[in-house]
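The primary structure of each chain is shown beneath.
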Amino acid sequence: MNRTKVAILWILIATFIMGGIWYFKKQETNRFRRETFSFPIMSTRASVTLIDTDLDEIERAFRLAREAMERVVAVCNYFDPSSELARLNASADKTPFVCSPELWEILRETRRFHRLSEGAFDPTIRPLMRVWGFHRKRLTLPSDAEIAEAKKFCGFDKIRFDDDARSVFFTVPGMSIDLGGIAKGWAVDKAAEAVRRGWIDLGGNMRCLPLPPPGAETCRIGVRDPKNGERNIAVVPVLNESVATSGDYERYVVIEGKRHTHIINPKTGRPVSGTLSATVVTPRGVDSDALSTSLFINGPAFAEKLPEARTLLIDAEGKIHTHVPSGAPFQLLPSSDL
């Protein structure tokens, strides 16, 4: 047999083998089912997409994921008087409140992010939110005196945490803790413990589960253009990671013709004006949730303090700042009118 015939034979053998591999991979992929479940929770909607070969397993995993989120609500709901956090807020200025292991866990995380962000992440700023009209509309800008008065009821330095007793005490009557800036990420983490393949979206807090979708190596998460909600400005590949974005485009108030974001700098008592959006990718949802707010407030230099995070920040001038110490980079999409 001459060399040409041998070469053709090997090409045919390789083609047959690769075709067989493709066929079996296709057959394996086709065995998977993908189901998406959506339900209201935490003043938003959760969307849980699960992938498995067994529908019963998908339904079981969804039930466990939803129950995990609902347990977080029972602990952290600021507005429900029966939640543990509401009971803490109602009594911690009178006597130390002893926390359950679950509430203490998220409060411990909150304290860590408060330190890491140098005070930018502060769940005691609800009095400032009220002053700026996020709970009751106002027509004029708050005065310096109003802001100064509200700040008297804000600040972690006014809370005593007893690690041995697992207790919280407010040194200033009228204070409260609002875990809205971290609870969604924590809930996503708890839900993710019950499932292995797919992704979870809780009000923009995204988590891609440990196993990739069939036929793919990662999940690809879009980063919204803060100036055009109809398009993404970037895409980032993630696997067994979480993505959260803090932006100025979803919650804001308009006072005297100017829009003010709901993200307030605790140090100044005023809404942040130098950032349009901040996206953080981390291994845990609780990290990406809290750190996206911290990055939004502190600006792009803060990203250098986050060795395990990939970040993308868009400043008020439309400039994009990325920080990718490791892992896949953000893929920037065709430019918009930023």
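Whatever comes next refers back to the structure up there.
This write-up is about the structure you can find in this document. It should be emphasised that the depicted structure is a prediction, and the values quoted were computed from it without experimental measurement.

## Description of the packing of aromatic side chains
For any two aromatic rings, the description comes down to two numbers: the centre-to-centre distance and the angle of the planes.
Inference 1: Tallied over the full model, the rule gives six aromatic pairs.
Inference 2: Consider the rings of F39 and F62, whose centres lie 5.8 Å apart with planes at 70 degrees: the pair is edge-to-face. Separated by 23 residues along the polypeptide, F39 in strand 1 (residues 33-41) and F62 in helix 2 (residues 55-76) bring together distant segments of the chain.
Inference 3: Here a set of aromatic residues connected by ring pairs shows up, and it is made of F37, F39 and F62.
Inference 4: Against the face of F113 rests R112, its NZ or CZ located 4.5 Å from the ring centre.
Inference 5: The ring of Y78 carries the charged tip of R126 above its face, separated from the ring centre by 4.1 Å.

## Brief notes about the state of the cysteines
Inference 1: Tallied over the full model, the rule gives one disulfide.
Inference 2: Disulfide pairing places C208 opposite C219 at an S-S distance of 2.2 Å. Judged by the sign of its S-S torsion, about 65 degrees, the cystine formed by C208 and C219 is right-handed. Here C219 lies in strand 8 (residues 219-225) and C208 lies in strand 7 (residues 205-208), a separation of 11 residues in the sequence.

## Here's the deal with the side chain of H262
Inference 1: Topologically, H262 is positioned in the loop between strand 12 (258-261) and strand 13 (264-265).
Inference 2: With residues near it in sequence (within four places) discarded, H262 still touches M129, F134, G247, R251 and Y252.

## Considering unusual backbone geometry
Inference 1: Here M42, not a glycine, exhibits a phi torsion of approximately 55 degrees, which is positive.
Inference 2: You can see M42 is positioned in the loop between strand 1 and strand 2 (44-52).
Inference 3: Phi at N240 is positive, roughly 55 degrees, even though this residue is not glycine.

## Regarding the environment of T245
Inference 1: Within the secondary structure, T245 is located in strand 10 (residues 241-247).
Inference 2: The exposure class of T245 is partly exposed, given its relative accessible area of 31%.
Inference 3: Not counting chain neighbours up to four residues away, the residues in contact with T245 comprise G204, S277, A278, T279 and S292.
Inference 4: Looking at T245, its side chain comes within polar contact range of the side chain of T279, at 2.7 Å.

## Some words on the sheet that holds strand 8
Strand pairs in the sheet, formed through backbone hydrogen bonds, run parallel or antiparallel to each other.
Inference 1: On the basis of which strands lie adjacent, the open sheet formed by three strands has the order 8-9-18 and antiparallel pairing. Lying at the two open borders of the sheet, with one neighbouring strand each, are strand 8 and strand 18 (331-332).
Inference 2: Across two bridges, the pairing between strand 9 (residues 228-238) and strand 18 is antiparallel. Opposite A234, over in strand 18, you have L332 as the bridge partner.

## A short note on the pairing of strand 2
Inference 1: Examined bridge by bridge, strand 1 and strand 2 share nine bridges and lie antiparallel to one another. Considered in strand 2, the bridge of I41 is made with T44.

## Describing the pairing of strand 7
Inference 1: A two-sided burial pattern is seen for strand 7, the buried positions comprising N205 and R207 on one face and M206 and C208 on the other.
Inference 2: As paired strands, strand 6 (residues 198-202) and strand 7 are joined by four bridges and run antiparallel to one another. Paired with I200 across the bridge in strand 7 is R207.
Inference 3: Between strand 6 and strand 7, which pair antiparallel in sequence order, lie two residues; one of them, G203, sits at a positive phi of approximately 60 degrees.
Inference 4: Where strand 7 lies against strand 10, three bridges are found, and the strand directions are antiparallel. In the strand pairing of strand 10, M206 is matched with V243.

## Structural notes on the pattern of salt bridges
When charged atoms on two side chains of opposite charge get close, those side chains can pair.
Inference 1: Applying the stated criterion across every chain, the model contains 18 salt bridges.
Inference 2: For R207, the salt bridge goes to D189, with nearest N and O atoms at 2.7 Å. Of this pair, R207 sits in strand 7 while D189 sits in helix 7 (residues 183-192), and the two are 18 residues apart along the sequence.
Inference 3: You can call D189 buried: its relative accessible area is 11%.
Inference 4: Between D225 and R231 there is a salt bridge, with its nearest N and O atoms 2.9 Å apart.
Inference 5: In this structure D225 comes out as buried when scored by relative accessible area, which is 0%.

## Topic: the nonpolar core
Inference 1: With 62 residues, the main nonpolar core has M69, L88, V168 and L179 as its most contacted residues.
Inference 2: Sorting elements by how many residues they give to this core places helix 2 first, with eight residues.
Inference 3: Counting 15 residues, the second-largest nonpolar core is a separate cluster that includes I221, V223, A234 and V243.

## Some remarks on helix 7
In an α-helix, one turn spans 3.6 residues; hence positions three or four apart end up facing the same way.
Inference 1: Across the 10 residues that make up helix 7, a large majority, nine, are buried.
Inference 2: Of the residues making up helix 7, those classed as buried are A183, K184, G185, W186, A187, V188, D189, A191 and A192.

## Describing the sheet that holds strand 17 (residues 320-323)
Inference 1: Strand order in this open sheet of eight strands is 1-2-6-7-10-15-16-17, and the pairing throughout is antiparallel. Because the sheet does not close on itself, it has two edges, and the strands there are strand 1 and strand 17. The mean inter-strand angle of the sheet, taken between neighbouring strand axes irrespective of direction, is 10 degrees.
Inference 2: Against the sheet, helix 8 (residues 285-298) contacts strand 7, strand 10, strand 15 (275-282) and strand 16 (310-315), and its axis sits at roughly 155 degrees relative to strand 15.

Conventions used here
Residues numbered from 1 in each chain as written. Predicted model: local features only at pLDDT ≥ 70, side-chain atom pairs only at ≥ 80, totals over all residues. Heavy atoms only, no water. Phe/Tyr/Trp six-rings, centres within 6.5 Å; stacked < 30°, edge-to-face > 60°. Helix = DSSP H or I, 4+ residues; strand = E, 2+ residues; numbered from the N terminus. Lys NZ or Arg CZ within 6 Å of the ring centre and 35° of its normal. Disulfide = S-S within 2.5 Å. Contact = heavy atoms within 4.5 Å. Buried < 20%, exposed > 50% of the residue type's maximum accessible area, 1.4 Å probe, protein only. Polar contact = N/O pair within 3.5 Å; in protein donor to acceptor, adjacent residues only side chain to side chain. Pairing = 2+ DSSP bridges. Salt bridge = Lys/Arg side-chain N within 4 Å of Asp/Glu carboxyl O. Core = buried A, V, L, I, M, F, W, Y, C linked by side-chain atoms within 4.5 Å. Axes fitted to C-alpha atoms, helices over the stretch in contact; angles between N-to-C directions.

Don't take any of this as a statement about function, it's just geometry.
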